[in-house]
Amino acid sequence: MRIAVTGSIATDHLMTFPGRFAEQLLADRLDRVSLSFLADSLDVRRGGVAANIAFGLGVLGLHPLLVGAVGADFEPYRVWLKDHGVDTDAVHVSGTRHTARFVCTTDREQNQIATFYAGAMAEAREIDLREVIARYGRPDLVLVSPDDPEAMLRHTANCRTLGIAFAADPSQQLARLTRDEVRELIDGALRLFTNEYESALLCERAGLTEEQVLGRVGSWVTTHGEAGVRIRAVDRPTLTVPAVEVAEVVDPTGVGDAFRAGFLAGTAWGVPERYAAQLGCAVAATVLDHTGTQEYHLPREPLLDRLRTAYGPESRTELSAHLRGLG
């Protein structure tokens, strides 16, 4: 199964603040916030939602097609992604803008304050998915993840025109989208991905109840942090999969992207959704053990042991054959 992943490609600047953001906020001064935080550390890492998901798919042995816009400074990043199984040939390179930047500070309770500079991502709207497919082949699934909003809408419309299954992952861009745009992005999606907060925000932005959203998508996959993941669909029992326990969280950045990579890999292999979600949770837990979104490895035996410990021998048995290619 070939998966095309559209969305942001960025460089992450990750900092840690040893205190609590909440202690610096004054309840009666929230309309005039002016704060700075002295960070203990700075890590500059490769990131971007689409690149993170594509990286995870590549590490798991798939060969995803990455579709997005970058600056001329992308070349070292391109080499990294190609070395990890990602097809970057369809990435658009801007002649004037830098690759997008994500600047994020995390406090000691894993709360985050972040700023995203779009840069070359603004040119993603110029990408015609029909031309990409004509040149690089027809994918079985297109994941439309956070990107320039016009690009997201254009990719979704092209998927409908071409009759290609697509998954909707609007997440961080929900705040930028109108009611009609949110509805346009999710209508007819094979899968909808959100976290718990985004699920409520999506309903508010779209002016829809949860039941109405479910009526517009094939299934709705919602991550709930330490509580795991919930998968819902019309006329089907809700599937709940617990998260994999992590002794000490090093960095939560990119955990949702890692889950999506594992889940999509599992569904691409044709395993039942329960086991696909378990793999997603195991990959997400691996990311939590590292600083950065693409600094992890997935050795076969430790990954299978993690699945067995968290979910029992059936999970290991179901997924073992599909993970043969891992080192």
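For the structure itself, look to the data block above.
Residues numbered from 1 in each chain as written. Predicted model: local features only at pLDDT ≥ 70, side-chain atom pairs only at ≥ 80, totals over all residues. Heavy atoms only, no water.

Asks: So what's going on with a nonpolar patch on the surface? Residues and values would help.
Replies: A cluster of nonpolar residues, L25, L30, V33 and L35, forms a patch on the protein surface that exposes about 350 Å² of accessible area. Relative to the helices and strands, V33 is located in the loop between β2 (10–16) and β3 (41–47). (Patch = residues over 30% accessible without salt bridge, like charges linked within 9 Å, V, L, I, M, F, W, Y side chains within 5 Å. Areas by Shrake-Rupley, 256 points an atom, 1.4 Å probe, with all protein chains shown as cover. Salt bridge = Lys/Arg side-chain N within 4 Å of Asp/Glu carboxyl O. Helix = DSSP H or I, 4+ residues; strand = E, 2+ residues; numbered from the N terminus.)

Asks: An account of helix α8 (residues 255–269) is requested, with residue identities and associated values reported.
Replies: In this model, α8 (15 residues) spans 21 Å end to end at C-alpha, consistent with the 21 Å of a helix rising 1.5 Å per residue. For α8, a buried count of twelve out of 15 residues is recorded, marking the element as mostly surrounded by other parts of the structure. Once α8 ends, the next one or two residues include G270, with phi positive near 85°. (Expected span 1.5 Å × (residues − 1). Buried < 20%, exposed > 50% of the residue type's maximum accessible area, 1.4 Å probe, protein only.)

Asks: Pulling in residues and values, what's your account of the environment of L239?
Replies: Along the chain, the position of L239 falls in strand β14 (residues 236–241). Put simply, L239 and A277 are 38 residues apart on the chain and 9.6 Å apart in space, counted from C-alpha to C-alpha.

Asks: I'd love a proper account of the nonpolar core, names of residues and values included.
Replies: Ranked by size, the top nonpolar core spans 57 residues in total, and within it L57, F259 and L307 carry the most contacts. Leaving out residues up to four positions away in the same chain, L307 has contacts with Q278, L279, A282, G312, S315, L319 and L323. Core analysis: the next-biggest nonpolar cluster, separate from the first, contains 34 residues, I164, I186, L202 and C203 among them. (Core = buried A, V, L, I, M, F, W, Y, C linked by side-chain atoms within 4.5 Å. Contact = heavy atoms within 4.5 Å.)

Asks: Could you give an account of the packing of aromatic side chains, naming the residues involved and the relevant values?
Replies: Taken as a whole and judged by the stated rule, the model has eight aromatic pairs. Ring centres of F55 and W80 lie 5.9 Å apart, and the angle between their planes is 0°; on these two criteria the pair is classed as stacked. Here W80 lies in helix α2 (residues 75–83) and F55 lies in helix α1 (residues 49–59), a separation of 25 residues in the sequence. F55 sits in the buried class, given a relative accessible area of 1%. Centroid distance F74 to Y77: 5.4 Å. Interplanar angle 55°. Geometry classified as tilted. Exposure remark for F74: the relative accessible area of 2% places this residue in the buried category. Exposure remark for Y77: the relative accessible area of 7% places this residue in the buried category. Every member of this aromatic cluster is reached through a ring pair, and the members are F17, F21 and F37. (Phe/Tyr/Trp six-rings, centres within 6.5 Å; stacked < 30°, edge-to-face > 60°.)

Asks: Break down the sheet that holds strand β9 (residues 141–144) for me, citing the residues and quoting the values.
Replies: The strand order β4-β1-β9-β10-β11-β12-β13-β14 describes an open sheet built from eight strands, whose pairing is mixed. With one partner strand each, in any of the chains shown, β4 (65–67) and β14 form the two edges of the open sheet. In this sheet, neighbouring strand axes are inclined to one another by 15° on average, regardless of whether the strands run parallel or antiparallel. As paired strands, strand β10 (residues 165–168) and strand β11 (residues 191–195) are joined by two bridges and run parallel to one another. Within β11, the position partnered with A167 by the bridge is R191. Contacts from α8 reach β1 (3–6), β9, β11, β12 (219–223) and β13 (229–233) within the one sheet, and its direction differs from that of β11 by about 155°. (Pairing = 2+ DSSP bridges. Axes fitted to C-alpha atoms, helices over the stretch in contact; angles between N-to-C directions.)

Asks: Help me get a handle on unusual backbone geometry, residues and values and all.
Replies: Where the residue is not glycine, phi is negative for most of them; where a peptide bond is considered, it is trans in most cases. At S171, a residue that is not glycine, the phi angle is positive and equals roughly 20°. Of note, S171 is situated in the loop between β10 and α5 (179–186). You can call S171 buried: its relative accessible area is 8%.

Asks: So what about the sheet that holds β2? Which residues, and what values?
Replies: What the four strands build is an open sheet, ordered β3-β2-β7-β8; its pairing is mixed. Each having just a single partner strand, β3 and β8 (112–117) make up the two edges of the open sheet. Neighbour to neighbour, the strand axes of the sheet diverge by 15° on average, direction disregarded. Relative to β8, strand β7 (residues 100–106) is paired through six bridges, and the arrangement is antiparallel. Paired with T105 across the strands is I113, a residue of β8.

Asks: Any details on the packing of α1 against α8? Residues and values, ideally.
Replies: It is the contact of α1 with α8, at a shortest axis distance of 8 Å, that shows an interaxial angle of 45°. Our classification of the angle between α1 and α8 gives oblique. The two elements α1 and α8 meet at a crossing, and its hand is right-handed. Across the interface between the two elements, V49, N52, I53, G56 and L57 of α1 pack against D257, R260, A261, L264 and A265 of α8. Residue composition of the contact of α1 with α8, grouped by class: six nonpolar, two polar and two charged. (Parallel < 35°, antiparallel > 145°, perpendicular 65-115°, else oblique. Left-handed = near helix turned anticlockwise from the far one by under 90°. Nonpolar A, V, L, I, M, F, W, Y, C, P; charged D, E, K, R; others polar.)

Honestly, that's just the spatial picture; any functional story needs more than this.
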